[in-house]
Each structure stands twice: as structure tokens, then as C-alpha cells.
Amino acid sequence: MKKNWESYSDSGFKVPETYFDTFEEHLKENLRLVDMAAHKEDGFSVPQGYFESLDTRIKNKKVMILWPLNKRFITGALAAAAAALILVLFLWNPAPQENTFENLSASTLHDYLADEGIQEFMTEDDLTKIEDNNSIFQSFTMSDDLLFEMIDDQVLEDELVPEISDK
Amino acid sequence: MQSKKDHLQEQFNSLVSDYKVRLYWHIRRMVVSHDDADDVLQNTFIKVFKNLENFKGKSQLYTWLYRIATNESLTFLKKKARRLQISDEQLQTHLTDNLRSDPYFDGDEVQEKLQNAINTLPQRQKQVFLLKYYEELPYNEISKILETTEGSLKASYHHAVKKITKYVTEH
């Protein structure tokens, strides 16, 4: 027996009066929404053939126009950076003072004189002057005996013996 | 000359027109409420529309449609149970409780009792019973829809009938 589906409600269930008459209409709306969601339609469009020709247009783009601008920019930036570096070094690290004995510290001089064996030939007065930061070469006086002791014997022989024998 | 897209659209329109009522009732008995049945029927046809191009015709068209409708209904019921934070069994009781207040149900006492009895069945037995008793589909077609053996279906239907008879006589 073929069922009469349209009036098939023998189980007590009902449907709104025009439900089946308007079903297709509602379904069409839903399908359109589903389609829109699938394609994320937002009203924007692109010129015909835009994506097909995009690769070619990118490849044909003249990049030379941009290079001189970049080069100028890079050169300028480098020059500015170098100038700033020089300025900073000049201000931060001024020319060192001239090394003079007056600038040397007393302990440096003491160390030097001791290392070279000179200190033992100096008087107490000379050492005191060094500690008072006075130039030893301004006040240092060396006796003849000391001078002779410091000069190598061979040098004395080479320089003085001929002179004596000439006389 | 008619394009493939137009042909599919025409086929779909004809299919909706032919099967909307049958599928509606099949879904309605599973989900009970009209609004829920409407949602599931819409989703069923949307799925059909998306897959119509891939339908190979290996099974009969209505078998394929019923299978989609059944699966959509089951998915819907599972989601509903999850949304209400209740078990599948508790959902069946929930559907029964709401039947009396449903504006789209005007069944008499016997019909109401039958619906309540059906809603006490486990999901698989319920599906078999609805397809056999209301849709009057042969077992071989039901086995294609539910993707199970005919022997298993017969056993399920037998158990379902026994449980319903017991429920109706006891209430």
C-alpha cells in the first residue's frame, strides 16, 4: 500500500500549516548562506584576469628605478654614521696628554729606577724629590765618581786611553 | 545546451520536492520536536546538495537520502545531549517529557503512550523500529541505510516490539 506522505501524521505529530509549501524557499536561503560562508563573499571583486597575469606583471616590474634611490640613501646613512662615530670618539676620547716626567707618578718612577739599578746610585735627597713629584732631571746632579762608575770600563778605555797616549 | 551545474540544480530541486515530506517524518520521529526536525531536514538537504555530484548511484537514491537523514538526526541528538549536559538515555526521557507541551503534537492517549514507549528504546532499536513500522521499508533496504546485517535488524526489531508492547500494557 502506498502511503500518502503529505497527510502522514497518524502518530499525533503535526506540522505548521504551510511548512512544506515554503520549505524550498527556506532551504534556498540556507543554501545561499552556506555558499556565502564557503566563499566568504564580502562584495569585493578584482579585474578580470587579474590573478592569471599577476606573475608576469611582477616579473616585468622595473626595479632599476628604485636602486639609485636606495644607493643614495645607503651612502648618506653610512656617511652620517661615520661622522657621528668620529664626533663621538673625538669628544669621548680626546688626544692624550704628552708624556713628560712631570706627568709620571712617583711610584712609576721608583719602579723604573729600581728595575734599572739606578736607584742605588741616587741620594736620599733625590728620592725625596721624586716622592714630592718633582722632576729628577731638573734637580738631579750626578757626581763625577758616580758618572765614572756608570760608564762601562771598555768605553773609558776606548775613548780615553788613545787620548792619554797621544799626549 | 544545459550545463552540468544546471542539471545538478534541477536534479536537486526535483529530489527535494519528492522526498522532503518522507524525510521530514523520518527525522521528526527521531528528534520529536518540529523545530529540531526542521533544522535537521535543512542540514540533510544541504549535505545532499554538496554531495549530489559524487553520488554514484550504487545504492538507490532514497536509501542514500535516508542514510544521510538518519546520521544527521543522530549527530543532532548527540549534540543536543551534550549541550544540555545529559546522557543520551536522559535525553530520550527529556524528549518524552516535552511531548505533551509540544504545540505540534495532538496525539491521543494511545499515540502519546506509543511515542513514550518508542523513546525508551535504545537508539539502534528505535531506528529499526521507525524504519520498519512507520516507513514500511523492507529489511534489505534498512540494512543498507543503517549499514548492518538483516539478521541483526530482525533481532533488533523483535526486541523493540516486545519492549513497546510491555511498556504500553504496563502504563
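Residues numbered from 1 in each chain as written. Chains lettered and ligands numbered in written order. Predicted model: local features only at pLDDT ≥ 70, side-chain atom pairs only at ≥ 80, totals over all residues. Heavy atoms only, no water.

Asker: I tried to follow the packing of aromatic side chains on my own but got confused; where do I start?
Answerer: By the definition in use, this model includes 16 aromatic pairs over all chains. Relative to Phe105(B), the ring of Phe13(A) has its centre 5.3 Å away and its plane inclined at 65°; by these criteria the two rings are edge-to-face. Note that Phe13(A) is positioned in the segment before helix H1 (19-39) and Phe105(B) in the loop between helix H4 (88-99) and helix H5 (109-119), a pairing that runs across two chains. Taken together, Tyr19(A), Phe20(A), Phe23(A), Phe12(B), Tyr24(B), Trp25(B), Phe45(B) and Phe49(B) form an aromatic cluster joined through their ring pairs. The lysine or arginine in question, Arg29(B), covers the ring of Tyr134(B), its NZ or CZ lying 4.0 Å from the ring centre. (Phe/Tyr/Trp six-rings, centres within 6.5 Å; stacked < 30°, edge-to-face > 60°. Helix = DSSP H or I, 4+ residues; strand = E, 2+ residues; numbered from the N terminus. Lys NZ or Arg CZ within 6 Å of the ring centre and 35° of its normal.)

Asker: I would appreciate a short explanation of the environment of Lys163(B) in the present structure.
Answerer: All names here are of chain B. Tracing the backbone shows Lys163 in helix H8 (residues 150-170). In sequence terms Lys163 and Ile118 are 45 residues apart; their C-alpha atoms lie 8.7 Å from each other. For Lys163, the contacting residues outside a window of four places in its chain are Leu121, Pro122 and Gln125. (Contact = heavy atoms within 4.5 Å.)

Asker: Even after reading the chapter, I still don't get unusual backbone geometry, so can you show me in this structure?
Answerer: Excluding glycine, residues mostly carry a negative phi; peptide bonds, for their part, are mostly trans. Residue and element names in this part refer to chain B. At Val32, a residue that is not glycine, the phi angle is positive and equals roughly 75°. Even without being a glycine, Glu147 presents a positive backbone phi close to 50°. With respect to the element layout, Glu147 can be found in the loop between helix H7 (139-146) and H8.

Asker: Please clarify how the pattern of salt bridges should be interpreted in this entry.
Answerer: Side-chain pairing between opposite charges can occur once the charged atoms of the two side chains come close. This model, assessed by the stated rule, comprises ten salt bridges over all chains. Across the pair Glu24(A) and Lys20(B) runs a salt bridge whose closest N-O atoms are separated by 2.9 Å. Here Glu24(A), found in helix H1, pairs with Lys20(B), found in helix H1 (residues 4-31), and the two come from separate chains. Judged by relative accessible area, Lys20(B) falls into the buried class, the value being 10%. Here Glu170(B) ties to Lys166(B) by a salt bridge, and the two come within 3.4 Å at their closest N and O atoms. Here Lys166(B) and Glu170(B) lie together in helix H8, a separation of four residues that amounts to about one turn. (Salt bridge = Lys/Arg side-chain N within 4 Å of Asp/Glu carboxyl O. Buried < 20%, exposed > 50% of the residue type's maximum accessible area, 1.4 Å probe, protein only.)

So far we have only geometry, and geometry alone does not tell us how the molecule works.
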